[in-house]
Amino acid sequence: MTRALHYTCLSLILVAALLGLSLYSLTWRPAEKETLPVSCTAQAPVLVAGQALKVMTWNVQYLAGKRYVFWYETADGNGKDERPTPADMAFSLDEVSRVIRDEKPDLVLLQEVDDNAKASAYQDQLKLILERVADLYPCSTQAFDWKADFVPDWHILGSVGRKLAILSRYQVEHAERLQLPLAPANLIKRQFLPRPALLLNYLPLSNGDQLAVINTQLAPFAQNDTQLRQVQATTQLLDKLESQGTPWLIGGDFNLLPLGQYLRLPANLRGGYSADSELHVLWDKYPMIPSNNEASGIDREQWLTFYPNNPAISGPDRTLDYFFYSAKMRRVEAQVRQDDTLKISDHLPLVARFLLPAGQ
């Protein structure tokens, strides 16, 4: 009996070790700070101090389009759709490329770009986009914010791979991935969850200075104080850049409402948002596009950037995407491109033009 118990214990230990090894090999644990490669396919010009700079931020929803209500988009997790068809992703790819080529921003900040994910047929979506706009953007950087070879959720049961990406018309000198605080979860579950991050690029200026450009997507929905901690971590980086005298701008899908929009949403759509938006940590210190006056004023419909995949909602109903920028830069103009983008993604592209500081 003693020998049988001994063998049973050894067997359990071996099974646990094998499970632990499998878990480790299937998942991804990035460092808090990582240097990233910069890809440039051609010689790119250097930004000139004092010039105008046009920037677009857009969550392209892994090219899934608007004909679905996915399983994760309903409060009960019972959305009927699992993944988009190749035909719908091809349509969205063409449309994303069309809008980028039409706007011709100097910098494009993209969120939810899939790479080797089962849900998007294992496409390298950044590569597909770059093939269509390579003549405009010789330089690019990318950073995963969700990655695993296998996720044991029955809706997925396969690989995930999702990225932030920056396309640049100008030289990029250095790129980093900075990990944001994670939502609380047990040790096993945490390995399979997204890991929101900041994709930080440094672009040289002609006078020897640098411009810091940051792309991000914060965690969706209120998860204890996760969103607040992520906003605070982002603010710490921006404060550091500001104290160093480095001009900067950040854009992305912040998944947070501006002042005044919480009460305008129907009560059944407020879940996951706070009446006192965590975003105030940023807007209290730095200029925001759209401003709170724009996002909640008389022309607020022009600044709505999110169009939920919900058949009961007939159009964009909230603002989740923003730019924040250094006091050293000046806003020239901005808009949400709404008219011809409603069928491409559940987010709409936000476009802004800035003047860079003239320097010394």
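Up top you'll find the structure we're talking about.
Overview of the structure. The structure displayed is predicted, hence computed values, not measured ones.

Reading guide: rules and limits
- Residues numbered from 1 in each chain as written.
- Predicted model: local features only at pLDDT ≥ 70, side-chain atom pairs only at ≥ 80, totals over all residues.
- Heavy atoms only, no water.
- 1 Å grid on protein atoms, 1.4 Å probe; cavity = no way out; pocket = protein on both sides within 12 Å on 5 of 7 lines; lining within 4 Å.
- Points joined across faces, edges and corners; volume = space filled by probe spheres on them.
- Nonpolar A, V, L, I, M, F, W, Y, C, P; charged D, E, K, R; others polar.
- Disulfide = S-S within 2.5 Å.
- Helix = DSSP H or I, 4+ residues; strand = E, 2+ residues; numbered from the N terminus.
- Buried < 20%, exposed > 50% of the residue type's maximum accessible area, 1.4 Å probe, protein only.
- Pairing = 2+ DSSP bridges.
- Axes fitted to C-alpha atoms, helices over the stretch in contact; angles between N-to-C directions.
- Parallel < 35°, antiparallel > 145°, perpendicular 65-115°, else oblique.
- Left-handed = near helix turned anticlockwise from the far one by under 90°.
- Contact = heavy atoms within 4.5 Å.
- Core = buried A, V, L, I, M, F, W, Y, C linked by side-chain atoms within 4.5 Å.
- Salt bridge = Lys/Arg side-chain N within 4 Å of Asp/Glu carboxyl O.

A few words now on the layout of surface pockets. Estimated volume of the second largest pocket: approximately 220 Å³. Forming the walls of the second largest pocket are 16 residues, and the residues nearest its centre are G65, K66, R67, L342 and K343. Residue composition of the lining of the second largest pocket, by class: eight nonpolar, four polar and four charged.

Bringing the state of the cysteines into the picture now. Throughout the structure, instances matching the rule amount to one disulfide. Between C40 and C139 runs a disulfide, and the two sulfur atoms are separated by 2.1 Å. Taking the sign of the torsion about the S-S bond as the criterion, the disulfide between C40 and C139, at about 110°, is right-handed. Taken as a pair, C40 in strand β2 (residues 39-40) and C139 in strand β5 (residues 139-151) lie far apart in primary sequence, 99 residues in all. In this structure C40 comes out as partly exposed when scored by relative accessible area, which is 39%.

Another aspect to go through is the pairing of β5. As paired elements, β2 and β5 share two bridges and run antiparallel to each other. Note that in β5 the partner of C40 across the bridge is C139. Here β5 runs beside strand β6 (residues 158-168); their pairing, made up of 10 bridges, is antiparallel. By the bridge assignment for β6, W146 is matched with R162.

This part covers the packing of helix α2 (residues 86-103) against helix α3 (residues 125-133). At their nearest, the axes of α2 and α3 sit 10 Å apart, and the two run at 45° to each other. The orientation of α2 with respect to α3, classified from their angle, is oblique. Handedness of the α2/α3 crossing: right-handed. Across the interface between the two elements, M89, L93, D94, V96, S97, I100 and R101 of α2 pack against Q125, L128, I129, R132 and V133 of α3. The residue inventory of the contact of α2 with α3, partitioned by class, reads seven nonpolar, two polar and three charged.

What follows concerns the sheet that holds β5. Judged by pairing direction, the sheet is mixed, and its seven strands sit side by side in the order β2-β5-β6-β4-β3-β14-β13 without closing on themselves. Here the strands that pair on one side only, and so sit at the sheet edges, are β2 and β13 (330-336). Pairing of strand β4 (residues 107-114) with β6 involves six bridges; the strand directions are antiparallel. If you follow V113 over to β6, its bridge partner there is K163. Sitting on the sheet, α3 is in contact with β4, β5 and β6, with an inclination near 145° to β4.

Okay, unusual backbone geometry next. Most peptide bonds adopt trans geometry, and most residues besides glycine take a negative phi value. Here the amide bond leading from I289 into P290 is cis, since omega sits at -5°, within 30 degrees of zero. Inspection of the secondary structure puts P290 in the loop between β11 (288-289) and α7 (292-296). Notably, E112 is not glycine yet its phi reads approximately 55°, a positive angle. As for its placement among the helices and strands, E112 is situated in strand β4.

L53, L249 and F354 are the most contacted members of the largest nonpolar core, which has 31 residues in total. Residue assignment for this core shows that the elements contributing at least two residues are β3 (52-59), β4, β5, β6, β8 (197-204), β9 (210-217), β12 (321-325) and β14 (350-355). Among the elements that take part in this core, β14 stands out by supplying three residues, more than any other. Beyond its immediate sequence surroundings of up to four residues, L249 is in contact with L53, V55, A212, V213, I214, F323, F324, Y325, M329 and F354. By size, the runner-up hydrophobic cluster in this structure holds 24 residues, among which are V231, L237, L256 and M288.

Spatial ordering of the open sheet is given by β1-β7-β8-β9-β10-β12-β11, a layout of seven strands whose pairing is mixed. Looking at strand neighbours, the two that pair on one side only are β1 (33-36) and β11, the edges of this open sheet.

A few words now on the pattern of salt bridges. One pass over the structure, following the stated rule, counts 20 salt bridges. For the salt bridge of K33 with E176, the shortest nitrogen-to-oxygen distance reads 3.8 Å. Of this pair, K33 sits in strand β1 while E176 sits in strand β7 (residues 174-179), placing them 143 residues apart in sequence. One connected set of salt bridges, linked through shared partners, spans K54, E95, R98, D102, E103, R337 and D340.

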